[in-house]
Amino acid sequence: MKSIATLSLAIAAVSLTQPAYAQEAKATQEQLSQPVVIQYSRPNDQRGINVFETPKVAGATYDGFKIQWGAAFTQQFQSLAHSNTADSVPTAGPTNLVNKNRLKSIGSGFNNAVANLYLNAQLAKGIRVQLTSYLSSRHHNETWVKDGFVQIDESPIDVPFLNDLMKYTTLKVGHFQVNYGDMQFRRTDNGQAIYNPFVGNAIMDAFTTEIGAEAIFQRHGLLGVVAMSNGESRGRVDMPKERSHTLMAKAGFDKQLNSDLRVRLTGSYRAQPTAVSNILYAGDRAGSRYYMVLENSAATESAQPYSGNINPGFSYRSTSFVVNPFIKFRGLEFFGMAETATGRSAAETSERTVKQYMAEGLYRFAANDKFYVGARWNSVQGDLGAAAGSDVTVDRVNVGGGWFVTPTLMAKVELVKQSYSGFLRTDIRNGAKFAGLMMEGVVAF
């Protein structure tokens, strides 16, 4: 009897310190996630949420060359309606019977699935290479490469000074996603939608991949980034007088102040003096998530891939600055954006300015943050040129939530409404709006 009583007390003590269901839940989480074998990398699954620059923590033991594959797949159900008040504008042609401002008829249904493929290789201790391919996307049905770069987090030369420097420094060289702003770490990247709590990205979506080099410094919560790129999405050496390098910088603070509170604040700057095709705000070659909204009757999914987005048209010269605050207190999260972009196209003689604002609030709850609800407000205001309007405003509101069925499988739903004001009557966006329901399923590992 004494032995039984002692055993009962021991079981009770274990139960009080860590209940059996908690132990089982923890084991399940580990079993359902792909093991991390590549150092200094961001997991593709739920563990990658709220990871910005890759941390200066190895995350995996180095024991030789390794390869790790990953993938991400996304499918949406869309039920949106749109309308506008633009004047009828006949298209050029022998009959002029087609109105280019007549909206395409859209209804409810499934959009085509999109997918990413990831290949990561550990070349040496603290040195890895990453290659991302889009297997399918709205803009391109065929497979093509998004990026490929080498990232160095530990010195390949065993010199004390370099070893100490690389404890806080990350070097990236190749063709990679430019580190301008923090929204790029929370946005949907074609098939990879698990980091984004909503379906759409920012209205003015600052995202592109360019060839260049980047240095990141992280120590005691302080963050600094300097980078230089070719300023365009592909490498070219012709037309040198029309091309110049792009300079980027970021500075900020990101620290877990205590077990409940994390605070991050960054400011990013990017300057592109001249370019043949500067596409910072049109670099998402996968296309937007709101299919065919405010497109005319002749539009197709692949030829008009940026439905609902605003491209300021700064193809020749641009200067952009953005501030991003992020606060996480227990299950509550706030993310914000205040951005100013100035530039022009090659055909324009003077520069224009466009501003963007965003405020996003989330509440994550249940074990392992399995569920969340939230809302996002996004607004773009400014001068889009003579053809569209010099004082336009585009506002979007998203309200929704999501469920992580497993760390690699999630479902989300949102109600979205976007409205346009200030556009000329000859622009298809005059008096325009779209609204409705979006549902999305994501697999990422």
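**Q** Hey, could you go over the overall build of the protein chain for me, with residue numbers and the actual values?
**A** From N to C terminus, the protein chain includes three helices and 17 strands. The C-alpha atoms of the protein chain give a radius of gyration of 24 Å, which matches the 22 Å a tight globule of 445 residues would have. Expressed along its principal axes, the backbone C-alpha trace of the protein chain runs to roughly 100 × 55 × 40 Å. Residue burial in the protein chain is summarised as follows: out of 445 residues, 48% are buried. If you take every contact in the protein chain between residues at least 6 apart in sequence, the share linking residues at least 24 apart comes to 65%. As displayed, the protein chain has an accessible area near 20400 Å², and 63% of this comes from carbon and sulfur atoms. Treating the 44 positive side-chain charges of the protein chain as one cloud and the 37 negative ones as another, the clouds have centres 2 Å apart.

**Q** Any chance you could break down the pattern of salt bridges for me, citing the residues and the numbers?
**A** A complete count under the given rule lists 30 salt bridges for this structure. Ionic pairing is found between Arg187 and Asp284, a salt bridge with its closest N-O pair at 3.1 Å. You can see Arg187 sitting in the loop between β6 (169-177) and β7 (209-219) and its partner Asp284 sitting in the loop between β10 (261-272) and β11 (317-329), a full 97 residues away along the chain. Each member of the pair, Arg187 as well as Asp284, is classed as buried. Across the pair Arg262 and Asp254 runs a salt bridge, and its minimum N-O distance is 2.9 Å. There is no split in this pair, since Arg262 and Asp254 are both buried. Ionic contacts of the salt-bridge type, sharing partners, join the residues Glu53, Asp182, Lys250, Asp254, Arg262 and Arg264 into one network.

**Q** Residue-level account of the side chain of Thr208, with values.
**A** Along the chain, the position of Thr208 falls in the loop between β6 and β7. Assessed through its relative accessible area of 0%, Thr208 is described here as buried. With sequence-adjacent residues up to four places away left out, Thr208 is seen in contact with Phe176, Gln177, Val178, Ser233, Ile279, Leu280 and Gly283.

**Q** Can you lay out unusual backbone geometry for me, pointing to particular residues and giving the numbers?
**A** Located in the positive-phi region is Leu294, a residue other than glycine, with phi close to 55 degrees. Position of Leu294 among the secondary structure elements: in the loop between β10 and β11. Residue Leu294 is classed as buried on the basis of its relative accessible area, which comes to 7%. A positive phi angle, close to 55 degrees, is found at Arg330, a residue other than glycine.

**Q** I'd like a description of the packing of aromatic side chains, backed by residues and values.
**A** In this structure the tally under the stated criterion is 13 aromatic pairs. Consider the rings of Phe365 and Phe371, whose centres lie 5.8 Å apart with planes at 25 degrees: the pair is stacked. Seen from their ring centres, Phe371 and Trp403 are 6.1 Å apart, and the 15 degrees between their planes marks the pair as stacked. A residue pair is termed long-range when its members are at least 10 positions apart, and Phe371 in strand β14 (residues 371-382) and Trp403 in strand β15 (residues 392-406) qualify at 32 residues. A relative accessible area of 30% means that Phe371 is categorised as partly exposed. Using a relative accessible area of 40% as the deciding quantity, one classes Trp403 as partly exposed. The structure contains a cluster of three or more aromatic residues connected by ring pairs, namely Tyr363, Phe365, Phe371 and Trp403. Note that Lys56 overlies the ring of Tyr40, its terminal NZ or CZ placed 5.2 Å from the centroid. Taking the ring centre of Phe149 as reference, the NZ or CZ of Lys172 above it sits at 4.8 Å.

**Q** Got a sec to walk through a nonpolar patch on the surface? Specific residues and values, please.
**A** On the surface, a nonpolar cluster with roughly 970 Å² of combined accessible area is contributed by Phe73, Phe329, Leu332, Tyr363, Phe365, Phe371, Val373, Trp403, Val405, Leu409, Val443 and Phe445. Note on placement: Phe445 falls in the segment after β17 (433-444). With a relative accessible area of 35%, Phe445 lands in the partly exposed category.

**Q** How would you explain the pairing of strand β12 (residues 332-344) if you had to name every residue and give the values?
**A** Inspection of the sheet shows β11 paired to β12 by eleven bridges, in the antiparallel sense. For Arg317, the partnering residue across the bridge sits in β12 and is Arg344. A loop of two residues connects β11 with β12, the two strands running antiparallel in sequence, and Arg330 in this loop sits at a positive phi of about 55 degrees. The sheet contact formed by β12 and strand β13 (residues 352-365) spans twelve bridges and is antiparallel. By the bridge assignment for β13, Thr340 is matched with Lys355.

**Q** Requested: an account of the pairing of β17, with residues and values cited.
**A** With twelve bridges joining them, strand β1 (residues 66-83) and β17 adopt antiparallel strand pairing. Counted as the bridge partner of Gln76 is Glu440 from β17. Relative to β17, strand β16 (residues 409-421) runs antiparallel, the two being bridged by eleven bridges. If you follow Lys412 over to β17, its bridge partner there is Glu440.

**Q** Account for the side chain of Arg352, with residues named and values stated.
**A** Its place among the elements puts Arg352 in strand β13. Here the side chain of Arg352 touches Pro312 through a polar contact of 2.7 Å, landing on its backbone oxygen. Each residue touching Arg352, except ones within four places of it in the same chain, is listed here: Pro312, Gly313, Phe314, Ala341, Thr342, Gly343, Asp383, Leu384 and Gly385.

**Q** Before we move on, can you summarise the confidence of the model for the protein chain with the specific residues and values?
**A** Of the residues in the protein chain, 92% reach a pLDDT of 70 or more, and the chain-wide mean stands at 92. Every residue in residues 1-25 is under pLDDT 50, and counting partners more than four places away or in other chains gives four contacts.

**Q** Tell me about the environment of Ile152, and name the residues and values.
**A** The topology assignment puts Ile152 in strand β5 (residues 144-152). A relative accessible area of 23% places Ile152 in the partly exposed class. When the C-alpha positions of Ile152 and Gly126 are compared, they lie 5.9 Å apart, and in sequence the two are 26 residues distant. Apart from the residues lying within four places of it in its own chain, the contact partners of Ile152 are Gly126, Ile127, Met166, Thr169, Thr170 and Leu171.

Reading the values: the criteria
Residues numbered from 1 in each chain as written. Predicted model: local features only at pLDDT ≥ 70, side-chain atom pairs only at ≥ 80, totals over all residues. Heavy atoms only, no water. Helix = DSSP H or I, 4+ residues; strand = E, 2+ residues; numbered from the N terminus. Rg over C-alpha atoms; globule rule 2.2 N^0.38 Å. Buried < 20%, exposed > 50% of the residue type's maximum accessible area, 1.4 Å probe, protein only. Contact = heavy atoms within 4.5 Å. Areas by Shrake-Rupley, 256 points an atom, 1.4 Å probe, with all protein chains shown as cover. Lys, Arg positive; Asp, Glu negative; His and termini not counted. Charge placed at Lys NZ, Arg CZ, Asp CG, Glu CD. Salt bridge = Lys/Arg side-chain N within 4 Å of Asp/Glu carboxyl O. Phe/Tyr/Trp six-rings, centres within 6.5 Å; stacked < 30°, edge-to-face > 60°. Lys NZ or Arg CZ within 6 Å of the ring centre and 35° of its normal. Patch = residues over 30% accessible without salt bridge, like charges linked within 9 Å, V, L, I, M, F, W, Y side chains within 5 Å. Pairing = 2+ DSSP bridges. Polar contact = N/O pair within 3.5 Å; in protein donor to acceptor, adjacent residues only side chain to side chain. pLDDT = per-residue confidence, 0-100.

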